[in-house]
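Analysis of the macromolecular model
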Amino acid sequence: MTNRLDRGFQMYREQFENAALRVLRSGWYIMGRELETFEKDFAAYCGAAHCVGTGNGLDALYLACRALGIKEGDEVIVQGNTFIASVMGISMTGATPVFVEPDEYYQINADLIEEKINEKTKAVMVVHLYGQTAEMDKITEICARHGLKLIEDCAQSHGAKYKGQVSGTFGDAGCFSFYPSKNLGAFGDGGAVITDDEETDKTLRMLRNYGSAKRYYNEVVGVNSRLDEMQAALLDVRLKHLDALTLERKRIAERYLKEIKNPKIMLPKLREGSEHVYHQFVIRCKNRDRLAEYLEEKGIGTIVHYPVPPHLSKAYAYLGLKKGSLPVTEEYADTVLSIPMYNGITEEEQETVIGALNAYV
Ligand SMILES: *Cc1c(COP(=O)(O)O)cnc(C)c1O
């Protein structure tokens with residue numbers, strides 16, 4: 001069993017099909033009523049003033065950085081153990097990503113941020129990795145004290161909360177991906193930025209549409225990155241069920257946490273006050289590759305999120321960071337393993353996963 005995205009479709013099949021037909025028959029496919037509705041609904045769900053749909057999560061990150069004025073010569077702080085898109089969102093502006101080690105919850109270690117701040121630092125990008133929020137009270141305080149922008153990468157944390165507040169609403173911009181496997185997944189690519197700031201909202205709307213507020217009058221060099229009507233309509237269907245879908249993920253996680261008992265396997269730790277939405281259920285194991293092979297033989301698909309940390313990837317070799325420069329990040333890359341966690345996984349399938357992990361020697 002691997003991530004079965006079709007299960008999430010079957011759950012609300014008729015509603016998805018009706019929405020798709022409505023769009024097909026409407027004769028309007030880009031920047032219309034469906035997008036307006038979804039933007040309004042998603043902003044309300046998060047408790048933000050504005051939401052701007054984008055073509056994908058990477059563009060959401062890149063355009064948020066640009067809208068907040070981040071440019072060549074600037075530095076942006078980000079955690080070492082993230083999906084490469086977080087880092088690319090920064091470097092696409094010409095700015096330099098500066099990595100901070102994660103804490104025991106896989107989030108940026110808030111206590112290590114300040115030592116990386118200098119006169120070039122413009123922003124901190126927080127990634128709520130795997131669906132658990134970072135230590136936001138410390139991070140918002142540091143950003144405020146140093147006059148830094150705060151960007152949240154919420155691609156894995158739709159609806160996750162820290163001390164009751166929804167991820168994406170702590171800083172200047174919250175960036176989302178609606179890639180099909182995300183907690184709020186589309187049926188293709190999609191993304192969005194939420195913000196409370198009217199100017200940022202206006203700038204984002206321009207940037208995503210060739211830098212124009214008025215058609216064919218271009219004020220800046222923008223991009224073409226829009227959330228299309230089909231994806232917006234389908235996302236609006238799923239958004240109405242997101243709380244139920246998250247609850248299902250939590251139930252699966254509770255079961256894993258209670259029933260997986262093997263000293264060779266480290267279960268994820270939960271931060272006090274942080275509500276985990278379990279985009280991934282990530283365990284750790286010394287001999288990770290052997291465990292993954294063992295599970296594969298039993299028909300259980302696993303994924304490593306992520307085997308090569310950005311600072312050791314070829315893409316970022318130009319930063320000159322060598323192996324050993326981020327030991328915690330590198331250790332996580334060598335030991336993490338994501339086990340099956342998706343909506344619609346059956347009780348039986350969960351039992352198979354638990355049984356296999358407990359029998360591993
Ligand atoms: C998926 C993801 C992204 C990028 O989203 P796309 O829509 O695939 O571009 C960015 N950051 C994180 C943490 C992600 O998991």
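Model, not experiment: these values are computed from the prediction. (Residues numbered from 1 in each chain as written. Predicted model: local features only at pLDDT ≥ 70, side-chain atom pairs only at ≥ 80, totals over all residues. Heavy atoms only, no water.)

1. Digging into helix α11 (residues 327-335)
Rules: Only protein chains enter the area calculation, which uses a 1.4 Å probe; residues under 20% of their type maximum are buried, those over 50% are exposed, and those in between are partly exposed. Helix and strand definitions follow DSSP, with helices as H or I runs of at least four residues and strands as E runs of at least two, each counted in order from the N terminus. Note on contacts: a residue pair is in contact if any heavy atoms of the two residues lie within 4.5 Å.
Here α11 has its buried residues at T329, E330, Y332, A333 and T335. Tucked inside the fold, the buried residues of α11 contact β13 (281-284), α10 (288-297) and β14 (336-339).

2. Considering the packing of helix α4 (residues 57-67) against helix α5 (residues 84-91)
Between two packed helices, what matters for the description is the angle formed by their axes and the separation of those axes. To keep it simple, the criterion reads: Lines fitted to C-alpha atoms define the axes here, with helix axes fitted over just the stretch in contact, and angles between the N-to-C directions of these axes take values from 0 to 180 degrees. Definitions for this section: a left-handed crossing has its near helix turned counterclockwise from the far helix by less than a right angle. A right-handed crossing has that turn clockwise. All residues other than Ala, Val, Leu, Ile, Met, Phe, Trp, Tyr, Cys, Pro, Asp, Glu, Lys and Arg, Gly among them, are scored as polar; the first ten of these are nonpolar and the last four charged.
Contact geometry of α4 with α5 gives a least axis separation of 8 Å together with a crossing angle of 35°. The hand of the α4/α5 crossing is right-handed. Contact residues: α4 offers L58, L61, Y62 and C65, while α5 offers A85, S86, M88, G89 and I90. Class assignment for the residues of the contact of α4 with α5 results in seven nonpolar, two polar and no charged.

3. Observations concerning empty space enclosed by the protein
Rules: In the cavity and pocket records, a cavity denotes points on a 1 Å grid over the protein atoms alone where a 1.4 Å probe fits but cannot get out, a pocket denotes an open set with protein on both sides within 12 Å along at least 5 of 7 lines, and lining residues are residues with an atom within 4 Å of a point. Grid points are joined across faces, edges and corners, and a volume is the space filled by probe spheres set on the points. Segmentation of the chain into domains, including their bounds, is taken from an automatic or database domain assignment.
Scanning all chains against the criterion turns up two cavities of 30 Å³ or more. Within this model, the largest cavity holds a volume of roughly 90 Å³. If you go around the largest cavity, you meet 14 residues; those closest to its centre are N81, T82, Y130, H305 and Y306. The biggest single contributor to the lining of the largest cavity is α11, with three residues. Structurally, the lining of the largest cavity is a two-domain feature, drawing no fewer than three residues from each of domain 1 (5-239) and domain 2 (242-359). Quantified by volume, the second largest cavity comes out at close to 30 Å³. Lining of the second largest cavity is provided by Y105, Y106, Q107, L129, Y130, Q132, P268, K269 and H276. Its residues placed into classes, the lining of the second largest cavity shows five nonpolar, three polar and one charged.

4. Observations concerning the pairing of β14
What counts here: Here a strand pair is declared whenever DSSP counts at least two bridges between the two strands.
By the alternation rule, side chains of β14 split into V336 and S338 and L337 and I339, which are all buried. Note: β13 against β14, four bridges, orientation antiparallel. Of the residues in β14, the one forming a bridge with R284 is V336.

5. Comments concerning the packing of helix α3 (residues 33-46) against helix α8 (residues 229-239)
Two numbers describe how α3 lies on α8: the axes approach to 8 Å, and their chain directions differ by 35°. Considering only the axes of α3 and α8, their crossing is left-handed. For the pair α3 and α8, the contacting residues are R33, E34, L35, T37, F38, D41, F42 and Y45 in the first and E229, A232, A233, L235, D236 and L239 in the second. Each residue belonging to the contact of α3 with α8 can be placed in one class, and the counts come to eight nonpolar, one polar and five charged.

6. Thoughts on the environment of Q10
Structurally, the position occupied by Q10 is in helix α1 (residues 5-11). For the pair formed by Q10 and G344, sequence separation is 334 residues and the distance between their alpha carbons is 8.9 Å.

7. Describing the packing of aromatic side chains
The criterion, for reference: Each Phe, Tyr or Trp ring (for Trp, its six-membered ring) is paired with any other whose centre lies within 6.5 Å, and the angle between the two planes then decides the class: stacked below 30 degrees, edge-to-face above 60, tilted in between. A ring is considered to have a charge above it if a Lys NZ or an Arg CZ atom is located within 6 Å of its centre and within 35 degrees of its normal.
Scanning the entire structure with this criterion turns up 17 aromatic pairs. Centroid distance F42 to F178: 5.5 Å. Interplanar angle 85°. Geometry classified as edge-to-face. Residue F42 is located in helix α3, and its partner F178 is located in the loop between β8 (173-177) and β9 (191-195); the two are separated by 136 residues in the primary sequence. What makes F42 buried here is its relative accessible area of 0%. According to the relative accessible area criterion, F178 is buried, its value standing at 0%. Measuring from centroid to centroid gives 6.0 Å for Y278 and F281, while their planes differ by 25°, and the two rings are stacked. The exposure classification of Y278 matches that of F281, with both residues buried. One aromatic cluster is present, formed by F38, F42, Y45, F176 and F178 through successive ring pairs. For the cation-ring pair, K214 lies above Y217, with the distance from its terminal atom to the ring centre recorded as 4.3 Å.

8. What about the domain arrangement of the protein chain?
Our working definition: Reported buried area values correspond to the accessible surface (1.4 Å probe) lost by two parts on association, with both partners' losses combined. Any Lys or Arg side-chain nitrogen found within 4 Å of a carboxyl oxygen on Asp or Glu counts as a salt bridge.
Domain boundaries assigned for the protein chain yield domain 1 (5-239) and domain 2 (242-359). Domain 1 and domain 2 are separated by 23 Å when their C-alpha centres are compared. On the domain 2 side, the residues contacting the 44 residues of domain 1 number 41 residues. Summed over both sides, the interface between domain 1 and domain 2 buries roughly 3,800 Å², with carbon and sulfur atoms accounting for 56% of that surface. Summed over the three residues of domain 1 that lose the most area to domain 2, namely Y106, Y130 and N183, the buried surface amounts to 20% of that side. Linking domain 1 with domain 2 are five salt bridges. For the salt bridge of D103 with R271, the shortest nitrogen-to-oxygen distance reads 2.8 Å. Of all the secondary structure elements, the ones that give two or more residues to the side of domain 1 that touches domain 2 are α1, α5, β3 (96-100), β6 (161-162) and α8. Among the elements that take part in the side of domain 1 that touches domain 2, α5 stands out by supplying four residues, more than any other.

9. Quick word on the site of the ligand
Counted only if it meets this: The criterion for a residue being near a molecule or strand is simple. One of its heavy atoms has to lie within 4 Å of it. Any pair of nitrogen or oxygen atoms within 3.5 Å is treated as a polar contact; in protein, a donor-acceptor pairing is required on top of that, and neighbouring residues in sequence qualify only through side-chain atoms on both sides. Each accessible area is a Shrake-Rupley estimate made with a 1.4 Å probe; only the visible protein chains count as cover when residues are assessed. Just a note on the criterion: a molecule sits in a pocket or cavity if more than half of its atoms are within 2 Å of the grid points.
Of all residues adjacent to the ligand, which total 15 residues, the nearest are G57, D153, Q156, S177 and K182. Contacts to the ligand include D153, whose side-chain N or O atom sits 2.7 Å from a nitrogen atom. A distance of 2.7 Å separates an oxygen atom of the ligand from a polar atom in the side chain of K182. When the free accessible area of the ligand is taken as 380 Å², the share hidden by the protein chains comes to 91%. A molecule is said to occupy a pocket when more than half its atoms come within 2 Å of that pocket's grid points, and by this definition the ligand occupies the largest pocket. Elements that contribute at least two residues to the shell around the ligand include exactly α4 and α5. The greatest single-element share of the shell around the ligand, amounting to three residues, is contributed by α4. For the shell around the ligand, the per-class residue count stands at seven nonpolar, six polar and two charged.

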